[in-house]
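Residues per chain, in single letters:
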Amino acid sequence: MTTPMSAERFSDRFRYYRDQPQQQRGVQQLFEAISSTERGEEILCEQAPWALTYSEQPLVPAEPQAPAGGLDPRGSEEAGMAGPQKPAPVKPGDSYLLVNDRDEDMEAYDHTGQFLWKLPCLARGQGADTDWSHTNTDTPPGLYKLGQLYADYEQHPNPPCSDTAMAYGWYSFDLEELEGQEVKAGRAGIMLHGGGSACGWPGAWAAQQPLHPTLGCVRIHNADLRDKVLPLYRQGTVYVGVFQEKK
């Protein structure tokens, strides 16, 4: 025995499948069902009080959908590099940060793969280049997502000098591994942050502080964390793909 939908559930399903084949089939079936009733002609009349003509009905564009298999916006610059083995499972509102340590930059894309911005970035440790298997070496390549946020700037925009303020800067995010790349390399605690102890104080707290290698985290300018990354984080999940030169 089937359970009939309520009017509210029927409306909800139409909104959910907007502009998809399921909705189009439903519209056709609904039209045929109404047409076959005694009052079908009255209900489907173009001049019905509840009906708007095409010229009066505004066109509402369909919401851009995420790629069916996930988002992998790598370009020719990442060819031959070590990086994520699977695409990011983005949905509307999510975004993707592509970190290329060879080019020393970070590119941002929305959930459809539309390019948003590009800025300077390091995913570099203090060990030998192309090595991410030892403590304090380069950031292990692979797919991450931004986890816990530590908004030090919002708690104290003009803090006293401290090791934490110098090392991490205005904002820092935990990077949650999605491919076991940290565990495989015997690493843990990888983050995205600003600052830089090598900048000294108050240089490490400057908006556009010099970028120095970390102990294996991803580093960008303090102001870019606030103005570029933070808005994406607060609107949805932010995935991060880190690319490194192969060993």
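Student: Can you explain the overall build of the protein? Please cite residues and give values.
Tutor: Scanning the protein from N- to C-terminus turns up seven helices and eight strands. The buried share among the 247 residues of the protein stands at 39%. Here the contacts in the protein between residues at least 6 apart in sequence split such that 64% fall between residues at least 24 apart. Summing over all exposed atoms, the protein offers an accessible surface of approximately 14100 Å²; the carbon and sulfur share of this is 53%.

Student: Break down the packing of aromatic side chains for me, citing the residues and quoting the values.
Tutor: Applying the stated criterion to the full structure yields seven aromatic pairs. Where Tyr153 meets Tyr171, the ring centres are 6.1 Å apart and the plane angle is 35°; that geometry is what we call tilted. Here Tyr153, found in helix H4 (residues 152-155), pairs with Tyr171, found in the loop between helix H5 (163-168) and strand E5 (172-177); they are 18 residues apart in sequence, far enough to count as distant. Ring centres 5.0 Å apart and planes at 65° place the aromatic pair Phe173 and Tyr233 in the edge-to-face group. Here Phe173, found in strand E5, pairs with Tyr233, found in helix H7 (residues 222-233); they are 60 residues apart in sequence, far enough to count as distant. Classification of Tyr233 as partly exposed rests on a relative accessible area of 24%. Of the aromatic side chains, those joined through ring pairs into one cluster are Tyr153, Trp170, Tyr171, Trp201 and Trp205.

Student: Describe the pairing of strand E4 (residues 142-150), and please don't skip the residues or the numbers.
Tutor: By the bridge criterion, four bridges tie E4 to strand E8 (residues 238-243) in an arrangement that is antiparallel. From the neighbouring strand, Leu143 faces E8, where its bridge partner is Gly241. Across five bridges, E4 lies against E5 in antiparallel orientation. The residue bridging Tyr150 from the neighbouring strand is Ser172, located in E5.

Student: Go over the nonpolar core, please, and point to the residues and values.
Tutor: Core analysis: the largest hydrophobic core is formed by 30 residues, its most contacted members being Leu97, Met106, Phe173, Leu192 and Val218. If you list the elements that add at least two residues to this core, you get strand E1 (95-100), strand E2 (105-110), strand E3 (115-120), E4, E5, H7 and E8. Aside from chain neighbours lying at most four places away, what touches Phe173 is Leu146, Gln148, Leu149, Met191, Leu192, Leu225, Val229, Leu230 and Tyr233. In this structure, Ala66, Leu71, Ala88 and Tyr239 belong to the second largest nonpolar core, which totals eleven residues.

Student: Which residues make up a nonpolar patch on the surface, and what are the values?
Tutor: Taken together, the side chains of Met5, Phe10 and Leu30 define a hydrophobic patch exposed on the protein surface, amounting to about 280 Å² of accessible area. With a relative accessible area of 36%, Leu30 lands in the partly exposed category.

The rules behind each value
- Residues numbered from 1 in each chain as written.
- Predicted model: local features only at pLDDT ≥ 70, side-chain atom pairs only at ≥ 80, totals over all residues.
- Heavy atoms only, no water.
- Helix = DSSP H or I, 4+ residues; strand = E, 2+ residues; numbered from the N terminus.
- Buried < 20%, exposed > 50% of the residue type's maximum accessible area, 1.4 Å probe, protein only.
- Contact = heavy atoms within 4.5 Å.
- Areas by Shrake-Rupley, 256 points an atom, 1.4 Å probe, with all protein chains shown as cover.
- Phe/Tyr/Trp six-rings, centres within 6.5 Å; stacked < 30°, edge-to-face > 60°.
- Pairing = 2+ DSSP bridges.
- Core = buried A, V, L, I, M, F, W, Y, C linked by side-chain atoms within 4.5 Å.
- Patch = residues over 30% accessible without salt bridge, like charges linked within 9 Å, V, L, I, M, F, W, Y side chains within 5 Å.
- Salt bridge = Lys/Arg side-chain N within 4 Å of Asp/Glu carboxyl O.

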